[in-house]
Amino acid sequence: MIRDVKKKAPAKPRKIVVAPSFTRERALLKKGIWPVAGCDEAGRGPLAGPVVAAAVVLDPNNIPKGLDDSKKLTESKREALFEEICATASFGVAYASPVRIDRDNILRASLWALARAVASLPDAPKHVFVDGRDKIDTTADCEAVIGGDALVLSIAAASIIAKVSRDRLMCRLAEDCPGYGFEVHKGYGVPQHMAALNELGPTIHHRSLFAPVAAARARHQASARAAGLIETQTILDIEISA
């Protein structure tokens, strides 16, 4: 008699969670290279609002617990860590406006803002870690780290400062531009934002050369021209009937 042997299902591979560490900064500190800054930006993808960049120099003896890539944190956790970073670290923040983004393109505007954030630090760093593929224009040694906000602790801190600073700004812009929902979606092209953009048209805070914004502006200009023709025709009809 041959027994059926049930095969065990292969074990699912465990998901390895990698948290950012202070390893790279501490290695430089041991060599006498300090201050060391991490920098990151928030807001490359939205249709409205600036790109906000931040640079942070953490205190090696007083690092807030729970630092991570801002995208992995809840809003309440980001807000709490933002206050802790501001209280314990040196930081600088810079903004690239929609006008600059339209003029220079989003990549160049982001790199410009990152360099400005580093330049605004109270003490000039000797080494800078920047999130992404591109180095920035700085007098310090600069090292680009792909996925740096999930690997390098000072970049993670910068991502939190940049994200919270931008979110707060977008909430203030929402007060000046009611109806767009900036306080909810922070300028990203979600359905709510697209509907408001198509209904109300772009504001001065929108990035004019981003395709959805340009399309919405073209539609509103066409509607305005059509309304002007209708109005003119109505006036002519009144004059003729008189």
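Residues numbered from 1 in each chain as written. Predicted model: local features only at pLDDT ≥ 70, side-chain atom pairs only at ≥ 80, totals over all residues. Heavy atoms only, no water.

(A) Inspection of the overall build of the protein chain at higher detail. Tallying secondary structure elements over the protein chain gives eight helices and five strands in all. Out of the 242 residues in the protein chain, the part that is buried amounts to 43%. For the protein chain, contacts bridging at least 24 residues in sequence account for 63% of all contacts bridging at least 6. Carbon and sulfur atoms make up 56% of the accessible area of the protein chain, which totals about 14000 Å². (Helix = DSSP H or I, 4+ residues; strand = E, 2+ residues; numbered from the N terminus. Buried < 20%, exposed > 50% of the residue type's maximum accessible area, 1.4 Å probe, protein only. Contact = heavy atoms within 4.5 Å. Areas by Shrake-Rupley, 256 points an atom, 1.4 Å probe, with all protein chains shown as cover.)

(B) Layout of the state of the cysteines. What the rule picks out here adds up to zero disulfides. No disulfide involves C39; its sulfur sits 6.3 Å from that of C142, the nearest cysteine. (Disulfide = S-S within 2.5 Å.)

(C) Molecular detail of the packing of aromatic side chains. Scanning the entire structure with this criterion turns up two aromatic pairs. Each ring, one from F22 and one from W34, has its centre 6.3 Å from the other, and the planes form 65°; the classification is edge-to-face. Separated by twelve residues along the polypeptide, F22 in the segment before α1 (23–30) and W34 in the loop between α1 and β1 (36–42) bring together distant segments of the chain. For F22, a relative accessible area of 7% gives the class buried. Overall, the relative accessible area of 22% leaves W34 in the partly exposed class. Seen from their ring centres, Y180 and F182 are 5.6 Å apart, and the 20° between their planes marks the pair as stacked. Residue Y180 is classed as buried on the basis of its relative accessible area of 7%. In this structure, R100 is placed above the aromatic ring of W112, and the distance from its NZ or CZ to the ring centre is 3.6 Å. (Phe/Tyr/Trp six-rings, centres within 6.5 Å; stacked < 30°, edge-to-face > 60°. Lys NZ or Arg CZ within 6 Å of the ring centre and 35° of its normal.)

(D) Focus on the pattern of salt bridges. Per the stated rule, a full pass over the model turns up ten salt bridges. Here E41 ties to R44 by a salt bridge, and the two come within 3.2 Å at their closest N and O atoms. The partly exposed category is assigned to R44, whose relative accessible area is 31%. The shortest N-O distance in the salt bridge between R78 and D167 comes to 3.9 Å. (Salt bridge = Lys/Arg side-chain N within 4 Å of Asp/Glu carboxyl O.)

(E) Inspection of helix α7 (residues 191–200) at higher detail. When α7 is considered as a whole, its buried residues turn out to be H193, A196 and L197. On an axial view of α7, the arc spanned by its buried residues comes to 100°, and they lie on one face. Projecting away from the buried face of α7 at angles above 90 degrees are the exposed residues P191 and E199. Looking at the residues trailing α7, positive phi occurs at G201, about 85°. (Arc of directions from axis to C-beta.)

(F) Expanded view of the pairing of strand β2 (residues 51–57). Among the seven residues that make up β2, seven are buried, leaving the element largely enclosed by the rest of the structure. Burial along β2 is two-sided: V51, A53, A55 and V57 facing one way and V52, A54 and V56 facing the other are all buried. Relative to β2, β1 runs antiparallel, the two being bridged by five bridges. The partner of E41 across the bridge, within β2, is A53. By the bridge criterion, seven bridges tie β2 to strand β3 (residues 90–96) in an arrangement that is antiparallel. Counted as the bridge partner of V52 is Y95 from β3. (Pairing = 2+ DSSP bridges.)

(G) Summary view of the confidence of the model for the protein chain. On average, residues of the protein chain score 90 in pLDDT, and 86% of them are at 70 or above. Within the model, pLDDT remains below 50 along residues 232–242, and this stretch shows zero contacts once partners closer than five positions in the same chain are excluded. (pLDDT = per-residue confidence, 0-100.)

(H) Here's a closer look at the environment of H127. Mapped onto the secondary structure, H127 falls in strand β4 (residues 127–131). A relative accessible area of 10% means that H127 is categorised as buried. For the pair formed by H127 and E25, sequence separation is 102 residues and the distance between their alpha carbons is 9.0 Å. With near-sequence residues (within four places) excluded, H127 lies in contact with L28, I33, P35, V36, A37, A140, D141 and E143. Reaching out from H127, the side chain makes a polar contact with the side chain of E143 at a distance of 3.2 Å. (Polar contact = N/O pair within 3.5 Å; in protein donor to acceptor, adjacent residues only side chain to side chain.)

(I) Main features of the nonpolar core. C39, L114, V118, V128 and I136 are the most contacted members of the largest nonpolar core, which totals 27 residues. Secondary structure elements with two or more residues in this core: β1, β2, β3, α4 (106–119), β4 and α8 (211–241). Per element, the largest residue contribution to this core is seven residues, and it comes from α4. Setting aside residues up to four positions removed in sequence, C39 forms contacts with A54, A55, L114, V118, V128, F129, V130, D131, I136, I155 and A158. Ranked by size, the runner-up nonpolar core spans 18 residues in total, among them L58, I85, L153 and A157. (Core = buried A, V, L, I, M, F, W, Y, C linked by side-chain atoms within 4.5 Å.)

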